[in-house]
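# Architecture at a glance
Each chain, letter by letter, is given below.
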Amino acid sequence: MFFKLILQFIIGLGVGIYGYLVPSYINLAVLQLALNKNTKAIRKTLMIVSLIEIPYCFLCMNGMQWIMQQQILLLVIQWLLVAVLFSLAIYTLYDARKEKKEIALETKELDNKQINKLLAFAIFNPFQLSAWVIWGGYFIEKSWFEWSRVPIFIFSVGASIGVFIILWVYSYAGQKLITYFSSHRKGINYTVAGILFFLTALQVVKNIR
């Protein structure tokens, strides 16, 4: 049991890091705060964005316990997961083939209104629920994933810490990450697409067993 809890914490940590790894509105804004040396705003943003992951993750993953008891709904989710993974793989492959422009980062300082807008977006991010439902759908059949409340909370805390770590990395060395993703984006996208196709195939095999 203890090993499972440690495993779920580590997986949560990885999922949290992965969720904010690729440049997006939030981590670019964190980088912009760092460039403007706004230490107080950085600390506030990192704490709020990472802590908000806990209720989002906990509620969505907890809801999977009810879904696991609904056989027809569970079957729909299993095949919906296949469609989502396959769609993401196709989109990532398409995205890799497009010409990429350099990611532009504004150098002007963010005012309090813009910082509050960033925090509001982090708190009421509509993509968080769908993201955690997808992760829940992925872990739902894993025998090593413990679905009681304490392990799910530990997983959620791990995800929160993972988000904090990757956003802190962006605030500390974000410009290098932006440059790396810009210059290696095609290769990264092809790799991610390959992984998504592999996960799609695995899910299909599990569904038809």
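Figured I'd write up the structure that's included with this text. (Residues numbered from 1 in each chain as written. Predicted model: local features only at pLDDT ≥ 70, side-chain atom pairs only at ≥ 80, totals over all residues. Heavy atoms only, no water.)

### As for the side chain of Gln8
Just so we agree on the cut-off: Strands here mean DSSP runs of E at least two residues long; helices mean DSSP runs of H or I at least four residues long; both are numbered from the N terminus. Pairing of N or O atoms within 3.5 Å defines a polar contact, subject to two protein rules: one partner must be a possible hydrogen donor and the other a possible acceptor, and residues neighboring in sequence count only if both atoms are side-chain atoms. It only takes one pair of heavy atoms within 4.5 Å for two residues to be counted as in contact.
Along the chain, the position of Gln8 falls in helix H1 (residues 2-19). Among the polar contacts listed, one links the side chain of Gln8 to the backbone oxygen of Pro151, at a separation of 3.2 Å. Gln8 has contacts with Trp144, Phe145, Glu146, Pro151, Ile152 and Phe155, leaving out every residue within four places of it along the chain.

### Describing the packing of helix H3 (residues 39-51) against helix H4 (residues 53-67)
Under the convention used in this document: To obtain an axis, a line is fitted to C-alpha atoms, over the contacting stretch when the element is a helix, and the angle between two such axes runs from 0 to 180 degrees between their N-to-C directions. Here roughly perpendicular refers to angles of 65 to 115 degrees, roughly parallel to angles under 35, roughly antiparallel to angles over 145, and oblique to all remaining angles. Three residue categories are used. Nonpolar comprises Ala, Val, Leu, Ile, Met, Phe, Trp, Tyr, Cys and Pro, charged comprises Asp, Glu, Lys and Arg, and polar comprises the others, including Gly.
Interhelical geometry of H3 versus H4 gives an angle of 5° and a closest axis separation of 4 Å. Taken as axis vectors, H3 and H4 run roughly parallel relative to one another. On the side of H3, the interface is formed by Val49, Ser50 and Leu51, while H4 contributes Glu53, Ile54 and Pro55. Broken down by class, the residue content of the contact of H3 with H4 amounts to four nonpolar, one polar and one charged.

### Details of helix H6 (residues 112-123)
Applied cut-off: One less than the number of residues in a helix, times 1.5 Å, gives the span that helix is expected to have. Relative accessibility thresholds used throughout: buried, under 20% of the residue-type maximum; exposed, over 50%; partly exposed, between the two (1.4 Å probe, protein chains only). Throughout, the arc means the angular range of directions from the helix axis out to the C-beta atoms.
Taking 1.5 Å of rise per residue, twelve residues should cover 16 Å, and H6 covers 16 Å from first to last C-alpha, within 8% of that figure. Of all the residues in H6, the buried ones are Ile115, Leu118, Leu119 and Ala122. Taken down its axis, H6 places every buried residue within 95° of arc, on the same side. Exposed residues lying more than 90 degrees from the buried face of H6 are Lys113 and Lys117. Residues of H6 that are buried sit in contact with helix H2 (25-35), H3 and H4.

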